[in-house]
Amino acid sequence: MSEQESLRCSSGRNRGGVQRVEGKLRASVEKGDYYEAHQMYRTLFFRYMSQAKHSEARELMYNGALLFFSYNQQNSAADLSMLVLEVLEKSESKVEEDILESLAKLFSHMDQNSPERVAFVSRALKWSTGGSSKLGNPKLHQLLAVTLWKEQNYSESRYHFLHSSDGEGCAQMLVEYSSSRGFRSEVDMFVAQAVLQFLCLKNKNSASVVFSTYTEKHPSIERGPPFVQPLLNFIWFLLLAVDGGKLTVFTVLCEQYQPSLKRDPMYNEYLDRIGQLFFGVPPKQSPSYGGLLGNLLNSLMGAGEDDDGVEEAQEVSNPIELD
């Protein structure tokens, strides 16, 4: 027997063993022996981990969590979900789309108001960085954003969309958010904030997509450009100016639209940052913003080099409120 065939046979035996164990555990859960089943899952987890059977441990904990969720055993399910993350961390698993989807599925089943959910998503985002992005993998953010959108948790959905690359999904969510929760006079503010925040994150493509999709699909916005709302015209010109990169155009644009920009005190703060990123404007010696607003803006942009950036950004999941 070749080495490859031997590995396949070994994998098949391991899978068969996991299935037999899962059958016994499922029977315990179905009988209502939740505590006993939960403890057995944990015992098997540590046994598999000590034997370096990482894939078996992850699969068993994942299926066990979904089983407990189906019986509304939130605490046991959340605990096994955290063990899924522990396997990923200790085995140094590669960030792959199917794993991200499984994490998002666990997240979607968790109680929306539980502290375990907050801890789970913070830890999942930290693992998903893979050393490339402090604030989490964009695909995971996108999956989380869609789940929160379905739950009508629009403000947190918006946060995760901002750290994804899904400008179109973000725009569609914002249309629903504006139509169901906002005032008619604020239809332009919803998308203006998103565009400015995307630009602060140097995501010019998503900024353009969210603007074009939102203005096309929102029932209260007449087709443009030009638009009836001056703020929308400003955003349209701003996106063109970012492509051109001319400081004089950017400066004149900001001056001409000050009446619209004064509607939200954060607009000019975002524009200061955008000026630095795209037009070569030097940073201010002492930022005009500070306190809570300064912390919120820094959180949005991932400022700072400490290792706790993921947790801090996740805790401030709604950077700026519109109302």
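Here the structure is a predicted model, which means the values were calculated and not measured.

Procedures and definitions
Residues numbered from 1 in each chain as written. Predicted model: local features only at pLDDT ≥ 70, side-chain atom pairs only at ≥ 80, totals over all residues. Heavy atoms only, no water. Phe/Tyr/Trp six-rings, centres within 6.5 Å; stacked < 30°, edge-to-face > 60°. Helix = DSSP H or I, 4+ residues; strand = E, 2+ residues; numbered from the N terminus. Buried < 20%, exposed > 50% of the residue type's maximum accessible area, 1.4 Å probe, protein only. Lys NZ or Arg CZ within 6 Å of the ring centre and 35° of its normal. Salt bridge = Lys/Arg side-chain N within 4 Å of Asp/Glu carboxyl O. Axes fitted to C-alpha atoms, helices over the stretch in contact; angles between N-to-C directions. Parallel < 35°, antiparallel > 145°, perpendicular 65-115°, else oblique. Left-handed = near helix turned anticlockwise from the far one by under 90°. Contact = heavy atoms within 4.5 Å.

Novice: How would you sum up the packing of aromatic side chains? Please name residues and give values.
Specialist: Summed over all chains, the structure comprises 11 aromatic pairs. Here Y41 and F68 contribute two aromatic rings whose centre-to-centre distance is 5.8 Å and whose plane-to-plane angle is 65°, an arrangement assigned as edge-to-face. Of this pair, Y41 sits in helix α2 (residues 34-50) while F68 is found in helix α3 (residues 54-70), placing the two residues 27 residues apart along the sequence. Classification of Y41 as buried rests on a relative accessible area of 2%. A residue is classified by how much of its surface remains accessible, and F68, at 0% relative accessible area, is buried. With centroids separated by 4.4 Å and ring planes inclined at 15°, the aromatic side chains of F250 and F279 adopt a geometry described as stacked. Highlighted residues: F250 in helix α13 (residues 247-256) and F279 in helix α15 (residues 267-279), separated in sequence by 29 residues. Assessed through its relative accessible area of 6%, F250 is described here as buried. Look at F279 and you get buried, because its relative accessible area is 8%. Among the aromatic residues, ring-to-ring pairing joins F234, W236, F237 and Y257 into one connected group. For the cation-ring pair, R117 lies above F107, with the distance from its terminal atom to the ring centre recorded as 3.9 Å.

Novice: Give me the pattern of salt bridges: which residues, what numbers.
Specialist: With the rule as written, the count across this model stands at 8 salt bridges. Where K90 meets E86, a salt bridge forms, and the shortest distance between an N and an O atom there is 2.9 Å. Of this pair, K90 and E86 both sit in helix α4 (residues 74-90), 4 residues apart, roughly one helical turn. Since its relative accessible area comes to 55%, K90 is described here as exposed. Note on E86: relative accessible area 16%, which makes it buried. For the salt bridge of K204 with D243, the shortest nitrogen-to-oxygen distance reads 3.3 Å.

Novice: Which residues make up the packing of helix α8 (residues 154-162) against helix α9 (residues 167-181), and what values go with them?
Specialist: Between α8 and α9, whose axes approach to 10 Å, the crossing angle comes to 160°. The angle between α8 and α9 places the two elements in the roughly antiparallel class. As α8 runs across α9, the sense of the crossing is left-handed. Contact with α8, carried on its side by Y154, S155, S157, R158 and F161, involves G169, C170, M173, L174, E176, Y177, S180 and R181 of α9 and no other residues of that element.

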